[in-house]
Amino acid sequence: MNTLTDKHILLGITGSIAAYKSADLVRRLREQGAQVQVIMTAAATAFITPLTLQSISGQPVYTQLLDAVTESAMEHIELARWADMVLIAPASADFLAKLAGGHADDLLSTVCLATNAPIVVAPAMNSFMWQAPATQENCQRLQQYGIKFFGPATGSQACGEVGKGRLLEPNELVDQVQEVFQTQFLAGYHVLVTAGPTREDIDPVRFISNRSSGRMGYAIAQSAKMAGAQVTLISGPVALPPVAGVQLISVYSAQDMLTAVMTRIATVDIFIAAAAVADYRPSQLFSHKIKKYDADWQITLERTPDILATVAALPHPPFTVGFAAETDNLLEYAREKLQQKQLNMIAANWVGVAGIGFDSEKNALNVLWAEGGIELPCAAKTELAGQLLEIIIQQYQQNGYLPHQKSGSY
Ligand code: PMT
């Protein structure tokens, strides 16, 4: 099987002399099994004709944002959804600026804003244009947005300069496209992660909560995004910055978190419950601050809804992964939770131990499933998150699950 079989690559061509290489690029991508559709900017059509790209891609070439001839006149949305990757090669300095500024005044820039697929740019320009502070600032901003760069290469340029700014050769671009797909093992999956603590109010100034910082859940969300997933992160109150490219829903209490999860769960392929949800909340919520008296004060607590168990009990649950935070009998209690809550997998971690678990940069996990398990020794939460996702996807596929997007079962 070719390495890009059935991959949908939307190739954007912008105004650069290197646009002549795009035809060869399309041919090579198709040889590897990819389906390629092409969008050209107006400037690109000055360097190579749409007819050339149409003949080589075997598909109509798109050049207009507002095209009343197309079926729905919503071409940008259809193309944005169709793409597994948007590859812009060559990407001119002007187009990088447009992308960094979030413009949507032609079809290609509009598709880039509308797509959930990874965007990759292969710059091609004069070496002084590449080094210009404005271009470099735009590139930094694009990298912060999660946009990947292929090249540019260094060498002799069409304008006679020698320096950095050459488009990579088509075979090098194809190699890099293949690499992206190899690391994009969650492309096409919708992953929902819960993170952080919940707060259960006693009165307007007091609440019950726990020491969760949200780091573990945020690291999982970030790794899932980097692996190509569509990620929704439902977070209790934390002091962490949002994760780029991840939809963040901020919630307060266990009940809020349950509502936020259940309104989104129908399209979720993998649910990972890393939040430390309060197990109990005050039975009574006082509307005024409770005054202090000499006598002791007793609060009656009631159970909160169990979000993880509710998801796992759905008629068609997603692949459901829980966490178990324990101060003793880690493996025994974690296996009990795995079975009682009917989970696909559970990640058990010690809490109350210095340097791991709650509110630390590091953790150690024992990942368990019905027939086995694996130990992930102490490491940064960001590293563990990637390892955990690789185990999840292996088990997911071994259990014969199919992502919604591929099975069409929304
Ligand atoms: O946030 P950090 O500071 O990075 O710390 C990470 C962590 C220690 C919080 C994290 O790794 C972790 O262990 N999260 C789960 C904590 C927890 O609540 O464990 P539990 O054993 O009490 O709950 C078991 C599972 O049920 C968890 O997946 C939990 O999200 C879920 N649950 C619990 C209660 C409830 N009412 N609803 C739930 O969904």
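Residues numbered from 1 in each chain as written. Predicted model: local features only at pLDDT ≥ 70, side-chain atom pairs only at ≥ 80, totals over all residues. Heavy atoms only, no water.

K.L.:
Quick question: what am I supposed to make of the site of the ligand here?
P.N.:
Neighbouring residues of the ligand: 30 residues in total, closest Ser212, Ser213, Ala275, Lys337 and Asn349. Interatomic distance of 2.7 Å between a backbone N/O atom of Ala273 and an oxygen atom of the ligand. Take Asp359: an N or O atom from its main chain is 2.6 Å from an oxygen atom of the ligand. In isolation the ligand has 770 Å² of accessible area, and contact with the protein removes 96% of it. With 4 residues, the single largest contributor to the shell around the ligand is strand E17 (residues 319–326). Looking at the shell around the ligand, its residues break down into 15 nonpolar, 8 polar and 7 charged. (Near = heavy atom within 4 Å. Polar contact = N/O pair within 3.5 Å; in protein donor to acceptor, adjacent residues only side chain to side chain. Areas by Shrake-Rupley, 256 points an atom, 1.4 Å probe, with all protein chains shown as cover. Helix = DSSP H or I, 4+ residues; strand = E, 2+ residues; numbered from the N terminus. Nonpolar A, V, L, I, M, F, W, Y, C, P; charged D, E, K, R; others polar.)

K.L.:
How should I be thinking about the domain arrangement of the protein in this particular structure?
P.N.:
Accessible area lost during the coming together of the parts is what is often quoted as the interface size. Partitioning the protein into domains gives domain 1 (8–181) and domain 2 (190–407). Put simply, the middle of domain 1 and the middle of domain 2, counted by C-alpha atoms, are 39 Å apart. (Domains from an automatic or database assignment.)

K.L.:
How should I be thinking about the side chain of Asp106 in this particular structure?
P.N.:
In this structure, Asp106 sits in the loop between helix H4 (93–100) and helix H5 (107–114). For Asp106, the side chain forms a polar contact with the side chain of Lys98, separated by 3.2 Å. With sequence-adjacent residues up to four places away left out, Asp106 is seen in contact with Thr41, Leu65, Phe95 and Lys98. (Contact = heavy atoms within 4.5 Å.)

K.L.:
Is there a simple way to think about the packing of aromatic side chains in this case?
P.N.:
The description of two aromatic rings rests on the distance between their centres and on the angle between their planes. Counted under the stated rule, the structure contains 4 aromatic pairs. With 5.6 Å between their ring centres and 55 degrees between their planes, Phe319 and Tyr396 make a pair best called tilted. Of this pair, Phe319 sits in strand E17 while Tyr396 sits in helix H13 (residues 381–398), placing them 77 residues apart in sequence. With respect to burial, Phe319 and Tyr396 carry one shared label: buried. Taken together, the aromatic side chains of Tyr189, Phe319, Tyr396 and Tyr401 make up a single cluster linked through ring pairs. Taking NZ or CZ as reference, Arg303 lies 5.7 Å from the ring centre of Tyr280, over its face. (Phe/Tyr/Trp six-rings, centres within 6.5 Å; stacked < 30°, edge-to-face > 60°. Buried < 20%, exposed > 50% of the residue type's maximum accessible area, 1.4 Å probe, protein only. Lys NZ or Arg CZ within 6 Å of the ring centre and 35° of its normal.)

K.L.:
Would you take a moment to explain H4 for this structure?
P.N.:
For an α-helix the count is 3.6 residues per turn, leaving residues at separations of three or four pointing the same way. Counting buried positions along H4 yields 6 of 8 residues, so the element is predominantly enclosed. Turning to H4, its buried residues are Ala93, Phe95, Leu96, Lys98, Leu99 and Ala100. In this structure, the buried residues of H4 make contact with strand E4 (85–91), H5, strand E5 (119–123), helix H6 (127–131) and helix H7 (133–144). Where H4 terminates, the next one or two residues include Gly102, which has phi positive at roughly 70 degrees.

K.L.:
What am I meant to see in the nonpolar core here?
P.N.:
When a protein is soluble and globular, its nonpolar side chains tend to lie buried together. Judged by nonpolar contacts, the single largest core of 38 residues is most densely connected at Leu186, Val191, Ile220, Ile270, Ile272, Phe323 and Ile392. Setting aside chain neighbours within four positions, we find Ile272 in contact with Val191, Leu192, Val193, Thr194, Ile220, Val321, Phe323, Leu389 and Ile392. Residues Leu11, Ala23, Met85 and Ala124 belong to the second largest nonpolar core, which totals 33 residues. (Core = buried A, V, L, I, M, F, W, Y, C linked by side-chain atoms within 4.5 Å.)

K.L.:
Where do I start with the environment of Gln136 in this structure?
P.N.:
Inspection of the secondary structure assignment puts Gln136 in helix H7. Of the residues examined, Gln136 reaches a relative accessible area of 29% and is grouped as partly exposed. The spatial distance from the C-alpha of Gln136 to the C-alpha of Ile77 is 30 Å, given a sequence separation of 59 residues. Dropping the residues within four chain positions of it, Gln136 is found in contact with Trp130 and Gln131.

K.L.:
Could you clarify how one ought to interpret the pattern of salt bridges in this entry?
P.N.:
Pairing is possible between side chains of opposite charge, provided their charged atoms come close. As enumerated under the stated definition, the model contains 13 salt bridges in all. As a salt-bridge pair, Arg206 and Asp203 come within 2.5 Å of each other at their nearest N and O atoms. Judged by relative accessible area, which is 27%, Arg206 ranks as partly exposed. Taking the relative accessible area as the measure of exposure, Asp203 reaches 1% and is therefore buried. Between Glu326 and Lys337 there is a salt bridge, and its shortest N-O distance comes to 2.6 Å. Taken together, the positions of Glu326 in strand E17 and Lys337 in helix H12 (residues 330–340) put the pair 11 residues apart, joining distant regions of the chain. Since its relative accessible area comes to 9%, Glu326 is described here as buried. A single network of salt bridges, built from pairs that share partners, joins Asp24, Arg27, Arg28 and Glu31. (Salt bridge = Lys/Arg side-chain N within 4 Å of Asp/Glu carboxyl O.)

K.L.:
Mind showing me how you'd approach H5 here?
P.N.:
For H5, a buried count of 6 out of 8 residues is recorded, marking the element as mostly surrounded by other parts of the structure. Restricting attention to buried positions, one finds in H5 the residues Leu107, Leu108, Ser109, Thr110, Val111 and Cys112.

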